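# Residue-level structural notes
Given next are the chains, with one letter for each unit.
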Amino acid sequence: MTRATAVRAVLAVAVLLVSVYISLTMSPRLGLDLQGGTRIVLQARDTATVEADRETTDRTLEVLRQRIDSLGVSEPTLTRSGEDRIIVELPDVQDPRQAAEVIGRTAQLTFHAVEGPAVEKPDEKPSGSDPTADPSPTADTAAPDGLTLSDEQGRALDLGPARLSGAGVEDATAGFDAQGGAGWSVSLEFRKDAGQDWKRLTGEAACHPAGDDRRRVAIVLDEKVISSPQVDPSVGCKVGLPSGATQITGSFSADEARDLALLIKGGALPVPVEIVEQRTVGPTLGAAAIDASARAALIGAAATALFITIVYRLFGALAAVALGAYGVISYAALVALGVTLTLPGLAGFVLAIGMAVDANVLVFERAREECAERPKRSLRSALTTGFTKAWSAVADSNATTLIAAGLLFFLGSGPVKGFGVTLAIGVIASMFSALVIARALTEIAASTRFVSDYRNVNGIARPGAVRTWLVRKDPQLFRKPVRWLVVSVALVAVAVAGIVVRGVDLGVEFTGGRLVEYSTSRPVDVETARDTLAAAGFGDAEVTTAGDGDLSVRTGKLDNDGEHALRTALAEEGGETTKVRDELIGPSLGDELRRNALIALGVAVAVQLAYLAVRFRWTFAVASVGAMVHDVILVVGAFAWLGRPVDGIFLAALLTVIGYSVNDSVVVFDRVRELWGANRRTPLDTIARRAVLQTVPRTVNTGMGALFILAALAVLGGDSLADFALALLIGICVGTWSSVFTAVPGAIVLERNAKTPPPAPGKRKGKGPARGHQGASRRDPLDNGARV
């Protein structure tokens, strides 16, 4: 064992021990889509006097935190997102009506003098006919700086201008007077200056006789009177109530008193907020997703491990061991970094297991080539050269995947960000498992006499059957490259036809609206559900099936009270009706997410093009990006023809397909560059044919590892992950095709008009020997050159 191998082995053992310790002692942080609960995104809005910037949003967040803490929710999370958004996560909250009502109080809390009952105009409705009616039609009857609003009983009152705001409220508490028999009440305390304003306001009201509306003080929140108590007869004119002696009494229930105290205490928002997104996930859905993903991971990983063991025998089995180590390391990294594991993130973790074998496959195929070229060289020497020559392709292919993961994190929204994080961690962990753990295991095995003597056992000393057959047949793939491009154009035309004819079914994330999934105790067919909802006033609701007999209802604008009425209507036919999943997206956020999705795709194309242009020739970069765009159009077209929804998780899959497509093209063009540099006079179509035939085993073997995982996700993942897996299954198939039959022919056609000379020989490691130094460059890495 060499010193380098020993260092790798020690490092691998140390990292594994730490990872095992973290995995056993720390628990993962689950997102709401896995543990169940409600997620609300609030947008801060500018007012005439206050701008919704970072500072005011932070102050608004603290007020909201105070409100939510008073709701008694277990471990709520509030964070600012960007300059003017607040993300509220409420674990285990399945009916968000109360939370949304308290959080969504958008206006500042104000205190007003009551100037008397409002005088109705002939064309106005009686104010008591609809206590929840918009008060704006009667606002012009009030004083210029005042309001006309309905009180708690629905009577319209003229209010004077605001005398103080909720910012002056120090505390508001609900209490029960058991001795005096007054029941529940709310006690108020004001800050110093605000206390004087309150004393003057109540002192002025006390100058009017008892029972007069003008003896009342109105507390207004969101242009709604939440309380309008009479000043007690014991309070003298111009005397007023001191801060600590103020108590609002009435026929309050315990909940009403607590809610009033909560609204008064937490009602002073620096800026208004609007709910632009609301998602609710039932606990059973999250538990089922975790269980399904775990089964898919185990089955897919077992199938992948079995496959690479069959193909690469002993070294494949050692790579399977490294694959298991990868799973432990990446999981420990997610836990240690405190990454919130979301449903797309869980899918990314599972998918990365299938993609983790890529580096091992590249190395083993390179080692097979070295053994085939020099059969008598030592197994250890061939393996070392394989790692050295595969490094360029490994680095470039993983860099393109990291670019896709970065785009997902920075341009994605909500749970999709989690997918980007887990994918990035998976890529880094897979490189460690392949280049450190698998290399240490295979080098130790290659140093033993048994493995060296029995070359059929190790799996790399003999060329693979697929490679041998292809080399023997030597198909002339690119004699007429335009033919392959015509096939690609035809496929794109079919996809575009699907997009135009069938249209793209944009999910609620991109259109705005509400999507709710229900589980009923009695089976309800779609037609019956549609008729029931139409009779209840929801004629525009789109009803489809979801999961095992569940119903999915999609509507336009629908508030929480409307959703409750909709669920009640379904319960008449289906019995006990449980909400499984609920997504509410405001129209402004839907437009923004749709715009960001297009920006993400555009940035992905531009960044990949720039990276490839730096690392390769411009013709190779353009051909690779052309193949990538080809893959994106085919995946979108397939979903259009199949009528599947395009949502945020689909976008995550699409960006992953971009990374995978470029990954495949990079491996092929890396080999083209190497062969062309060593044989500068050989026509490019011949070089391309050789490169493709040499890299096909890698492309197929890597693709099979990912396909095993995705097939398991598609079958076992349920509705939540089925579309994600389907998009990636289509993307990997068309990406494998396009990297050979779109990117390579495209590069050949572009090179016909390019004036750039072929790559210089010997410029990079593993590119082949430079002239005049052939013997030195072909020397065994463990051969010191001495001869006897």
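None of these values were measured; they are calculated from a predicted model.

### Let's talk about the overall build of the protein
Secondary structure assignment for the protein yields 25 helices and 20 strands. Per-residue burial over the protein gives 52% buried out of 788 residues. Contacts in the protein between residues far apart in sequence, at least 24 positions, make up 78% of those at least 6 positions apart. Total accessible area on the protein is roughly 34500 Å²; 58% of this is exposed by carbon and sulfur atoms.

### Side note on the confidence of the model for the protein
Considering every residue of the protein, the mean pLDDT works out to 79; 87% of them sit at 70 or more. Averaged pLDDT values over the elements of the protein bottom out at 41 in helix α25 (residues 774-777) and peak at 94 in helix α15 (residues 481-501). Confidence over residues 122-144 falls short of pLDDT 50; this stretch has 30 contacts with residues more than four positions distant or in other chains. In this model, residues 763-788 is a region of pLDDT below 50 whose contacts with residues beyond four sequence positions or in other chains number 37 contacts.

### Comments concerning unusual backbone geometry
Across residues other than glycine, the phi torsion is negative in most instances, and most of the peptide bonds are trans. The residue Lys 238 is not glycine, and still its phi comes out positive at about 65°. By secondary structure assignment, the location of Lys 238 is in the loop between β11 (224-227) and β12 (246-252). One non-glycine residue, Arg 313, lies in the positive phi region at around 55°. Within the element layout of this structure, Arg 313 appears in helix α7 (residues 283-336). Under the relative-accessibility criterion, Arg 313 is labelled partly exposed at 42%.

### A closer look at the packing of helix α22 (residues 684-716) against helix α24 (residues 743-753)
Where α22 contacts α24, the two axes come as close as 10 Å, and the packing angle between them is 160°. One finds that α22 runs roughly antiparallel with respect to α24. Judged by the twist between their axes, the crossing of α22 over α24 is right-handed. Together, Leu 684, Asp 685, Ala 688 and Val 692 of α22 and Val 744, Ala 747, Ile 748 and Glu 751 of α24 make up the contact between the two elements. Here the contact of α22 with α24 is built from residues that sort into 6 nonpolar, no polar and 2 charged.

### Here we look at the sheet that holds strand β10 (residues 217-221)
Overall, antiparallel pairing links the 5 strands, which are arranged β6-β7-β5-β10-β11 in an open sheet. Across the chains shown, the open sheet's two edge strands, defined by having one partner strand only, are β6 (147-150) and β11. Strand-to-strand twist across the sheet, computed as the mean angle between neighbouring axes with direction ignored, equals 50°. Together, β5 (110-117), β7 (156-165) and β10 form the strand contacts of helix α5 (residues 192-205), whose direction differs from that of β7 by roughly 155°.

### Brief notes about the nonpolar core
Among soluble globular proteins, nonpolar side chains are generally buried collectively. Ranked by internal contacts, the top residues of the largest apolar core, which has 136 residues, are Phe 315 and Phe 669. Once residues within four sequence positions are removed from consideration, Phe 315 is found in contact with Phe 364, Leu 379, Leu 383, Thr 442, Ala 445, Ala 446, Val 451, Asn 458 and Ile 460. Leu 164, Val 186, Trp 198 and Leu 241 belong to the second-largest nonpolar core, a separate cluster that totals 26 residues.

### Describing the environment of Ala 446
Topologically, Ala 446 is positioned in helix α11 (residues 415-446). Look at Ala 446 and you get buried, because its relative accessible area is 3%. Sequence separation between Ala 446 and Ala 382 is 64 residues; the distance between their C-alpha atoms is 9.7 Å. Apart from residues no more than four positions distant in its own chain, Ala 446 is found in contact with Phe 315, Leu 379, Arg 380, Leu 383, Val 451 and Ser 452.

### Details of the state of the cysteines
All chains considered together, the criterion is met by 1 disulfide. Across a sulfur-sulfur distance of 1.8 Å, Cys 207 and Cys 237 are joined as a disulfide pair. Every disulfide takes its handedness from the sign of the S-S torsion; for Cys 207 and Cys 237 that torsion is 80°, giving right-handed. Of the two residues, Cys 207 sits in the loop between α5 and β10 while Cys 237 sits in the loop between β11 and β12, which places them 30 residues apart along the sequence.

### Points about the packing of aromatic side chains
Evaluated as defined, the whole model comprises 12 aromatic pairs. Residues Phe 307 and Phe 708 carry aromatic rings whose centres are separated by 5.8 Å and whose planes lie at 65° to one another, so their mutual orientation is edge-to-face. Taken together, the residues Phe 307 in helix α7 and Phe 708 in helix α22 connect sequence positions 401 residues apart.

### Let's talk about the pattern of salt bridges
Tallied over the entire structure, the rule returns 35 salt bridges. Among the ionic pairs, Arg 554 bridges to Asp 505, the shortest N-O distance being 3.8 Å. Residue Arg 554 is found in strand β18 (residues 550-555), and its partner Asp 505 is found in strand β15 (residues 505-506); the two are separated by 49 residues along the sequence. Take Arg 554: its relative accessible area is 18%, and that puts it in the buried class. Judged by its relative accessible area of 34%, Asp 505 is partly exposed. Linked through salt bridges whose partners overlap, the residues forming this network are Arg 39, Glu 89, Glu 277, Arg 279, Glu 517, Arg 581 and Glu 583.

### Some points on the sheet that holds strand β8 (residues 169-177)
Think of a sheet as strands paired side by side through backbone hydrogen bonds, with each pair either parallel or antiparallel. Reading across the sheet, the 3 strands line up as β8-β9-β12 and stay open at both edges, with antiparallel pairing between neighbours. Since the sheet does not close on itself, it has two edges, and those belong to β8 and β12, each with one partner. Across this sheet, the average inter-strand angle for adjacent strands is 25°, counted without regard to direction. Bridge analysis of strand β9 (residues 183-190) against β12 gives 5 bridges, and the strand direction is antiparallel. Following the sheet pairing, Val 186 is matched in β12 by Ile 248.

### Considering the side chain of Thr 38
Locating Thr 38 in the fold gives a position in strand β2 (residues 37-44). A residue is classified by how much of its surface remains accessible, and Thr 38, at 0% relative accessible area, is buried. Within polar-contact distance, the side chain of Thr 38 engages the side chain of Thr 280 at 3.1 Å. Every residue in contact with Thr 38, bar those within four places of it in the chain, is listed here: Leu 32, Val 88, Glu 89, Leu 90, Val 93, Pro 96, Gln 278, Arg 279 and Thr 280.

### A short note on the packing of helix α9 (residues 358-373) against α22
Their axes nearest at 9 Å, the elements α9 and α22 cross at an angle of 150°. As summarised for this structure, α9 and α22 are arranged roughly antiparallel, according to the angle between their axes. For α9 against α22, the interelement crossing comes out right-handed. Within the contact between the two elements, α9 uses Asp 358, Val 361, Leu 362, Glu 365 and Glu 369 and α22 uses Gln 694, Pro 697, Arg 698, Asn 701 and Thr 702. The class makeup of the residues in the contact of α9 with α22 is 3 nonpolar, 3 polar and 4 charged.

### Focus on a negative patch on the surface
Together, Asp 525, Asp 531, Glu 572 and Glu 573 make up a region of like negative charge exposed at the surface. Relative to the elements of secondary structure, Glu 572 occurs in helix α18 (residues 560-574).

### Some details on the environment of Leu 707
In this structure, Leu 707 sits in helix α22. In the structure, Leu 707 is positioned 356 residues away from Leu 351 in sequence and 9.2 Å away in space, judged by C-alpha atoms.

Conventions and cut-offs
- Residues numbered from 1 in each chain as written.
- Predicted model: local features only at pLDDT ≥ 70, side-chain atom pairs only at ≥ 80, totals over all residues.
- Heavy atoms only, no water.
- Helix = DSSP H or I, 4+ residues; strand = E, 2+ residues; numbered from the N terminus.
- Buried < 20%, exposed > 50% of the residue type's maximum accessible area, 1.4 Å probe, protein only.
- Contact = heavy atoms within 4.5 Å.
- Areas by Shrake-Rupley, 256 points an atom, 1.4 Å probe, with all protein chains shown as cover.
- pLDDT = per-residue confidence, 0-100.
- Axes fitted to C-alpha atoms, helices over the stretch in contact; angles between N-to-C directions.
- Parallel < 35°, antiparallel > 145°, perpendicular 65-115°, else oblique.
- Left-handed = near helix turned anticlockwise from the far one by under 90°.
- Nonpolar A, V, L, I, M, F, W, Y, C, P; charged D, E, K, R; others polar.
- Pairing = 2+ DSSP bridges.
- Core = buried A, V, L, I, M, F, W, Y, C linked by side-chain atoms within 4.5 Å.
- Disulfide = S-S within 2.5 Å.
- Phe/Tyr/Trp six-rings, centres within 6.5 Å; stacked < 30°, edge-to-face > 60°.
- Salt bridge = Lys/Arg side-chain N within 4 Å of Asp/Glu carboxyl O.
- Polar contact = N/O pair within 3.5 Å; in protein donor to acceptor, adjacent residues only side chain to side chain.
- Patch = residues over 30% accessible without salt bridge, like charges linked within 9 Å, V, L, I, M, F, W, Y side chains within 5 Å.
- Lys, Arg positive; Asp, Glu negative; His and termini not counted.
- Charge placed at Lys NZ, Arg CZ, Asp CG, Glu CD.

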